[in-house]
Amino acid sequence: MEIAKFIEYTNLKPYATEKDIIKLCKEAIRYGFFGVCVNPVYVKLCKEILKNTNVRICSVVGFPLGCNTTKVKVLESQQVICDGADEIDMVINLSALKSGNYEEVYKDISFVRKATEGKILKVILEVCYLTKKEKVIAVEIAKKAKADFIKTSTGFGTSGANVEDIKLIKSIVKENIGIKAAGGIKDKNTALKMIKAGADRIGTSSLIKD
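Residues take numbers from 1 onward in each chain, read along the sequence in its written order. Under the rules for a predicted model, residues below a pLDDT of 70 receive no local features and side-chain atom pairs below 80 are neither given nor counted, while totals for whole chains, interfaces and linings still include all residues. The basis for the side-chain values is all heavy atoms of the structure; hydrogens and waters are excluded.

(A) Fine view of the packing of aromatic side chains. Here the aromatic set is Phe, Tyr and Trp, taking the six-membered ring for Trp, and pairing holds for ring centres within 6.5 Å; pairs whose planes are under 30 degrees apart are stacked, those over 60 apart are edge-to-face, and all others are tilted. In total, this model carries three aromatic pairs according to the counting rule given. Seen in terms of ring centroids, Tyr 9 and Phe 33 are 5.2 Å apart; in terms of plane orientation they differ by 65 degrees. Their pairing is edge-to-face. Note that Tyr 9 is positioned in strand 1 (residues 7-11) and Phe 33 in the loop between helix 1 (18-31) and strand 2 (35-38), a separation of 24 residues in sequence. Relative accessibility decides the category of a residue: with a 1.4 Å probe and only protein chains considered, values under 20% of the type maximum give buried, values over 50% give exposed, and everything between is partly exposed. For Tyr 9, a relative accessible area of 5% puts it in the buried group. Here Phe 63 and Phe 156 contribute two aromatic rings whose centre-to-centre distance is 5.3 Å and whose plane-to-plane angle is 90 degrees, an arrangement assigned as edge-to-face. Pair noted here: Phe 63 is in the loop between strand 3 (56-61) and helix 3 (70-83) and Phe 156 is in the loop between strand 6 (149-151) and helix 7 (163-173), with a separation of 93 residues, a long-range link. We classify Phe 63 as buried; its relative accessible area is 19%. Residue Phe 156 is classed as partly exposed on the basis of its relative accessible area, which comes to 42%. By way of ring pairs, the aromatic residues Tyr 9, Tyr 31 and Phe 33 are connected into one cluster. Here, over-ring charges are defined by two tests on the NZ atom of lysine or the CZ atom of arginine: distance to the ring centre within 6 Å, and angle to the ring normal within 35 degrees. Between the NZ or CZ atom of Lys 122 and the centre of the ring of Phe 149, over which it lies, the distance is 6.0 Å. Positioned above the aromatic ring of Tyr 106, the side-chain terminus of Lys 144 is 4.7 Å from the ring centre. The numbering of helices and of strands both runs from the N terminus, where a helix is a DSSP run of H or I of at least 4 residues and a strand a run of E of at least 2.

(B) Spatial organisation of the sheet that holds strand 6. Read once around its circumference, the closed barrel built from eight strands follows the order 1-2-3-4-5-6-7-8, with strand pairing classed as parallel. Across this sheet, the average inter-strand angle for adjacent strands is 25 degrees, counted without regard to direction. When DSSP finds two or more bridges between two strands, those strands count as paired. Here strand 1 runs beside strand 8 (residues 201-204); their pairing, made up of three bridges, is parallel. Bridged to Ile 7 within strand 8 is Ile 202. Every angle, taken between N-to-C directions, lies between 0 and 180 degrees, and every axis is a line fitted to C-alpha atoms, over only the stretch in contact when it is a helix.

(C) Molecular detail of the pattern of salt bridges. Each salt bridge in this description consists of a side-chain nitrogen of Lys or Arg and a carboxyl oxygen of Asp or Glu lying within 4 Å of one another. Scanning the entire structure with this criterion turns up 18 salt bridges. Between Lys 122 and Asp 89 there is a salt bridge, with the nearest N and O atoms lying 2.9 Å from each other. Taken as a pair, Lys 122 in strand 5 (residues 120-124) and Asp 89 in strand 4 (residues 87-91) lie far apart in primary sequence, 33 residues in all. Grouping residues by exposure puts Lys 122 and Asp 89 together as buried. Here Asp 148 makes a salt bridge to Arg 113, at a shortest N to O gap of 2.7 Å. Highlighted residues: Asp 148 in the loop between helix 6 (132-144) and strand 6 and Arg 113 in helix 5 (residues 102-115), separated in sequence by 35 residues.

Now the structure itself:
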């Protein structure tokens, strides 16, 4: 299997330098990765480097805690799109979900969905903090809000993607919504397990190639 087409090559470290991001983009081009995923401040730089390539640019919103207000998430989404992002990965309002305020979670995603119309929107659940019931509820809410993808993790939580969560999400979304496995995927074997379980994208900061 050609792994490259699944990979969103990622550098979301708060101390990443311009040199690091340039390296990320050049390696994405070299290995034919699907895209790169970077913090908002580096979207313009990536756009310049990748302008004559097929490598997609993804950026994050409400990252990594998800506790920004919806208005801030909307403005952040609009800004990264203006700067050149093709796809947006937003963190859900985890506090609202854990509190049982499901309508608040739905509204948060829905407003960002409206702001990102025409672009791919991925909703990050941060599964390490959720019970199985909460995972199911979160996926159902994201479906209702018309998200394009469910993403497992930010990579900043206590743990990242695992096969069981991918299978659970897949059982709910079927073929209607994509799944991005992220967090702790550092080798080809792990990436292949995620894909076999139902992942359509792999978010990784490790250089995984065939």
